[in-house]
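Structural overview for review
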Amino acid sequence: MDRDPAGDQAGIACGGGLHYACRMLALPRGLRFHRLQPGLLLSFLALTAAAQENWPQFRGADARGIGTSDRLPLAWGPGTNVAWKARIPGRGWSSPVVWGKQVLLTTAVSEGEEEAPKKGLYFGGERPATQHRHRWLAISLDLESGKTNWSTELFAAVPSTPIHVKNSYASETPVTDGEHLYVLFGQIGLYCLDLEGKQVWKQELPPRKTAYGWGTSSSPVVHGDRVYVLSDNEEASFLAAYDKRTGKQVWKVDRDEHTNYSTPYVWRHPARTELVISGRNQVRGYDLEGKVLWHFKGMSSLAIPTPFEADGLLYLAAGYVGDKLTPNKPVYVLRPGAEGDLTLEEGRNESRHIAWMQPNAAPYNPSPLVYQGRLFVLWDFGFLNCRDARTGKEHYDKQRLKVEGTAGFTSSPWAYRGRIFCLSEDGDTYVVKAGDTYTLERVNPLGEMCMATPAIAGPRLLVRALEHVYCIQEP
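Attention in this report is confined to the structure presented alongside it. Note that this is a predicted model, so its numbers are computed, not measured.

Description of the overall build of the chain
Along the chain, the regular secondary structure elements total three helices and 33 strands. Here the chain holds 475 residues, and the buried ones make up 60% of them. Across the chain, every contact between residues at least 6 apart in sequence was considered, and the portion connecting residues at least 24 apart equals 58%. Approximately 18700 Å² of the chain is accessible, and the part contributed by carbon and sulfur atoms is 49%.

Points about the sheet that holds strand S2 (residues 97-99)
The strands making up a sheet are joined through hydrogen bonds of the backbone, oriented either antiparallel or parallel. On the basis of which strands lie adjacent, the open sheet formed by four strands has the order S2-S3-S4-S5 and antiparallel pairing. Each having just a single partner strand, S2 and strand S5 (148-157) make up the two edges of the open sheet. The average undirected angle you get between the axes of adjacent strands in this sheet is 25°. As paired strands, strand S4 (residues 134-142) and S5 are joined by eight bridges and run antiparallel to one another. Of the residues in S5, the one forming a bridge with Arg 135 is Ala 156.

Focus: the environment of Ser 94
Following the sequence through the fold, Ser 94 ends up in the loop between strand S1 (82-87) and S2. Non-local contacts of Ser 94, meaning those with residues more than four positions away in its chain, are made with Thr 106, Ala 170, Ser 171, Glu 172, Thr 173, Pro 174, Ala 452 and Arg 464. In this structure the side chain of Ser 94 is engaged in a polar contact, spanning 2.9 Å, whose partner is the side chain of Arg 464.

Section: the packing of aromatic side chains
One pass over the full model with this rule turns up 16 aromatic pairs. On the numbers, 5.4 Å between centres and 15° between planes, the contact of Phe 308 with Tyr 315 is stacked. Overall, Phe 308 belongs to the buried group, its relative accessible area being 1%. Taking the relative accessible area as the measure of exposure, Tyr 315 reaches 3% and is therefore buried. Pairwise contacts between aromatic rings join Trp 136, Phe 155, Tyr 169, Phe 185 and Tyr 191 into one cluster. Between the NZ or CZ atom of Arg 59 and the centre of the ring of Phe 308, over which it lies, the distance is 5.3 Å.

Digging into empty space enclosed by the protein
What the rule picks out here adds up to five cavities of 30 Å³ or more. A volume near 690 Å³ is recorded for the largest cavity. Lining the largest cavity are 34 residues; nearest its centre among them are Ser 217, Ile 304, Asn 365, Thr 410 and Met 451. In terms of residue class, the lining of the largest cavity is built from 16 nonpolar, 17 polar and one charged. Approximately 140 Å³ is the volume found for the second largest cavity. Along the wall of the second largest cavity there are 18 residues; nearest its centre are Gly 186, Thr 216, Leu 230, Ser 231 and Asp 232. The dominant element in the lining of the second largest cavity, judged by the number of residues it contributes, is strand S11 (residues 226-231), at three residues. The residue inventory of the lining of the second largest cavity, partitioned by class, reads five nonpolar, 10 polar and three charged.

Thoughts on the pattern of salt bridges
Here the idea is simple: oppositely charged side chains can pair when their charged atoms come close. Taken as a whole, this structure holds 21 salt bridges when the rule is applied. One salt bridge in this structure joins Arg 87 and Glu 467, with 3.2 Å as the shortest N-O distance. Taken together, the residues span a long stretch of sequence, with Arg 87 in strand S1 and Glu 467 in the loop between strand S32 (460-464) and strand S33 (468-472) at a distance of 380 residues. Relative accessible area serves as the criterion here: at 56%, Arg 87 is assigned to the exposed category. The class for Glu 467 is partly exposed, based on a relative accessible area of 36%. Here Glu 441 ties to Arg 419 by a salt bridge, and the two come within 3.1 Å at their closest N and O atoms. Of the two residues, Glu 441 sits in strand S30 (residues 440-445) while Arg 419 sits in strand S28 (residues 419-423), which places them 22 residues apart along the sequence.

So, how was this worked out
Residues numbered from 1 in each chain as written. Predicted model: local features only at pLDDT ≥ 70, side-chain atom pairs only at ≥ 80, totals over all residues. Heavy atoms only, no water. Helix = DSSP H or I, 4+ residues; strand = E, 2+ residues; numbered from the N terminus. Buried < 20%, exposed > 50% of the residue type's maximum accessible area, 1.4 Å probe, protein only. Contact = heavy atoms within 4.5 Å. Areas by Shrake-Rupley, 256 points an atom, 1.4 Å probe, with all protein chains shown as cover. Pairing = 2+ DSSP bridges. Axes fitted to C-alpha atoms, helices over the stretch in contact; angles between N-to-C directions. Polar contact = N/O pair within 3.5 Å; in protein donor to acceptor, adjacent residues only side chain to side chain. Phe/Tyr/Trp six-rings, centres within 6.5 Å; stacked < 30°, edge-to-face > 60°. Lys NZ or Arg CZ within 6 Å of the ring centre and 35° of its normal. 1 Å grid on protein atoms, 1.4 Å probe; cavity = no way out; pocket = protein on both sides within 12 Å on 5 of 7 lines; lining within 4 Å. Points joined across faces, edges and corners; volume = space filled by probe spheres on them. Nonpolar A, V, L, I, M, F, W, Y, C, P; charged D, E, K, R; others polar. Salt bridge = Lys/Arg side-chain N within 4 Å of Asp/Glu carboxyl O.

Have a look at this one:
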């Protein structure tokens, strides 16, 4: 096995569930607990329990969006199971991350009045760059009370680029390794702070034109001693690695891509560790020095969902609603160890390294979810679809979650306690049983616009809304 000791230790520290811990301990996935030595078993369980106390990046340590505590909340609403509610200045659609007793997030505060975000799925939405000065902040909240620990201003200026009316100037989710917080503002720069809010270093990034002036949102990722940043735009797209301790650029490779919003994924498997990135021209797997290992064509013309691995397979999706070609909203599922061009021949939906492909099964904004052997896809218009994760066989077709006339869905779904949770832009969370048949169990309202994907920390669910962060917890 090609092991990266630093990456393995970081992975164990920030967790990723039972299977991930087994893999890092080099244990067979099917190993029964009674075959483990008692001491190793206790250490093993302690690791996995501690892992879920932290949520270090977008969709958690393994980018899967799955909680493990059996005390996570199933029902909530105004006055019900809301442990605390903290007002956040400005606007930002970055997700919160959690380390220890800190909830960490970013925002951009305008010194003038800005146009309100518009709910729903529609074409257009571009607007001129604001003329108001903004302040870009990183904020730490106390996990138990919601009180502000610190707030650090990282940059202040009149924004030089426009954004979509539903976007924000702080949509990239930060990432932490437990020692530092790495904050990316896509048109400004990459920042490193210690967990007391002090800036350690910064790496300026020049502003770039994005398609239709929609802005940026691809989040950074950390692996080993490096921070990886993706910038797909209309002028000079690139993937770069930075030394996480100094901010020095280690390498940078150009990408033949236009504007995209997908976050890179660090895929660890027995053959190697690689960076996987969705793109409108091609999906690519890079080694940790920026060399392309494999690639294929056939994705949607705009890539937003984040790749992720589950049970040894890699899941990729892109379903831009504006595509004129039909069908052209594919889900691809890959086996590890691929090399070269993986592009499928016309009429085929599998190959040696592509376990299966469905040409019209992908969402536009939300990332798919694999849970209990099933692939759940949340469509922006408010439909949920379920397939067998290993074969692609459909368990149920699109089932409508919401009532006609309500807003769409941008947040990625998450899962725990045998349920799938789908958060609408209206702030309503639709709770669906994780089975082969569709069963809507309840709807949990918050009454505030939501577009960020929540975070999970132990028994707590943290939901970022337009003006507040909610900590939801059962007594």
